[in-house]
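Fold and contact review
Spelled out, the chains give:
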Amino acid sequence: MTPFLFTFVVLAFSVGAGLLGSLLGIGGGLILIPVLTLLLKVDIHYAVGASIVSVIATSSGAAAAYVRERMANLRVAMFLEVATTAGALTGAFLSGRVGGRGVYLVFGAVMAYSALVMLRRLKSGAVPADVPEDPLADRLGLHGSYFDESLGREVSYRVTRPVAGLGLMYVAGTVSGMLGIGSGALKVPAMDLTMRLPLKVSTATSNFMIGVTAAASAGVYFARGHIDPFIAGPVCVGVTLGAWLGSRHLMARVNAAWLRALFVGLLLWVAFEMLRKGWTS
């Protein structure tokens, strides 16, 4: 494969990864790492480095639009970012000291459980019902609202169990730092299932947060020489373009049930891949 063709292929896949990443709040790493390693035969270390860049690019491309549309909950993001950033630094530090097999197995099991729980709520509405009151969430003013174009109305929602969300965010950040895949696959279920945010708000808030989480661990990977500009350059351009298209033109219009079904499918695929890697490694 010529350098020009390689760049074009990476750019094309990166646009698709950025588009899906902005809709699902996961970053592009879950899609790009298999493409780079299996299809383009890129060394896993450089694929992880490019994945870190793609996560930052997804967040940069999507976050501004979600903040402007009031879909991202900034109070929730700032509250949870303390834990997820600390977790990212912990994961980056542990990445060279902890065996990968156990991490893959645990991560895959968590993803499978999250997918099954979200599958049970597949037909739930845009706003979770019967959300219990939480004094801390009330005191911090974490509740919010946004305009949903698919419903044609303003959607108000309440937030609950912020302390439990804080603990899950530390775990999500640690996994992100260790595997270099972005922690959106854990952040979105945590906010959706535990804190009971609407899925669109969880996705938009995750997009806002993942860039900070990835940036916290990117320096470690850069110092190790695992970020190659020849790979990371087209990844950054493509993912930013895809994230912009998804956040500006698709998110507000997409149906919440369809978005949840897409996310469940992705989680099941990720769980299978992680369990397979952990079992065969």
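Look up: the structure comes first, before these words.
Residues numbered from 1 in each chain as written. Predicted model: local features only at pLDDT ≥ 70, side-chain atom pairs only at ≥ 80, totals over all residues. Heavy atoms only, no water.

Below, the discussion takes up the overall build of the chain. The helix and strand inventory of the chain stands at 11 helices and 2 strands. Listing the helices and strands of the chain from first to last along the sequence gives α-α-α-α-α-α-β-β-α-α-α-α-α. The burial tally for the chain puts 53% of its 281 residues in the buried class. For the chain, long-range pairs separated by at least 24 residues make up 83% of all intrachain contacts whose partners lie at least 6 apart in sequence. Taken as a whole, the chain presents about 11800 Å² of accessible surface, with 69% of it coming from carbon and sulfur. (Helix = DSSP H or I, 4+ residues; strand = E, 2+ residues; numbered from the N terminus. Buried < 20%, exposed > 50% of the residue type's maximum accessible area, 1.4 Å probe, protein only. Contact = heavy atoms within 4.5 Å. Areas by Shrake-Rupley, 256 points an atom, 1.4 Å probe, with all protein chains shown as cover.)

In terms of strand pairing, strand E1 (residues 144-148) meets strand E2 (residues 153-157) through 5 bridges, oriented antiparallel. Within the sheet, the bridge partner assigned to Asp148 lies in E2 and is Arg153. Where E1 hands over to E2, the hairpin turn is made up of 4 residues, of which Gly152 adopts a positive phi near 75°. (Pairing = 2+ DSSP bridges.)

With respect to the helices, strands and loops of the structure, Arg248 is situated in helix H10 (residues 229-249). Taking relative accessible area as the criterion, Arg248 reaches 38% and is therefore assigned partly exposed. Along the sequence, Arg248 and Ala62 sit 186 residues apart, while their C-alpha atoms lie 7.7 Å from each other. With residues up to four places along the chain from it excluded, the contact list for Arg248 reads Ala65, Arg68 and Arg253.

A separate point is the nonpolar core. Residues Val76, Leu80, Val159, Met169, Met191, Met195 and Leu197 are the most contacted members of the largest nonpolar core, which totals 23 residues. Going through the elements one at a time, helix H3 (44-68), helix H4 (74-94), E2, helix H8 (184-194) and helix H9 (199-223) are the ones with two or more residues in this core. Looking at which element gives the most residues to this core, the answer is H4, with 4 residues. With near-sequence residues (within four places) excluded, Met195 lies in contact with Val76, Leu80, Arg158, Val159, Thr160, Arg161, Pro162, Gly165 and Ala190. Counting 18 residues, the second-largest nonpolar core is a separate cluster that includes Ala115, Ala172, Val270 and Ala271. (Core = buried A, V, L, I, M, F, W, Y, C linked by side-chain atoms within 4.5 Å.)

A separate point is the environment of Ser60. Within the secondary structure layout, Ser60 lies in helix H3. For Ser60, a relative accessible area of 54% translates into the label exposed. When the C-alpha atoms of Ser60 and Phe208 are compared, they prove to be 7.9 Å apart, with 148 residues separating the residues in sequence.

Moving on: the packing of aromatic side chains. For the coordinates displayed, the defined rule picks out 1 aromatic pair. On the numbers, 5.3 Å between centres and 10° between planes, the contact of Phe6 with Phe230 is stacked. Of this pair, Phe6 sits in helix H1 (residues 3-24) while Phe230 is found in helix H10, placing the two residues 224 residues apart along the sequence. (Phe/Tyr/Trp six-rings, centres within 6.5 Å; stacked < 30°, edge-to-face > 60°.)

It is worth stressing that arrangement in space is one thing and function is another; only the former is reported here.
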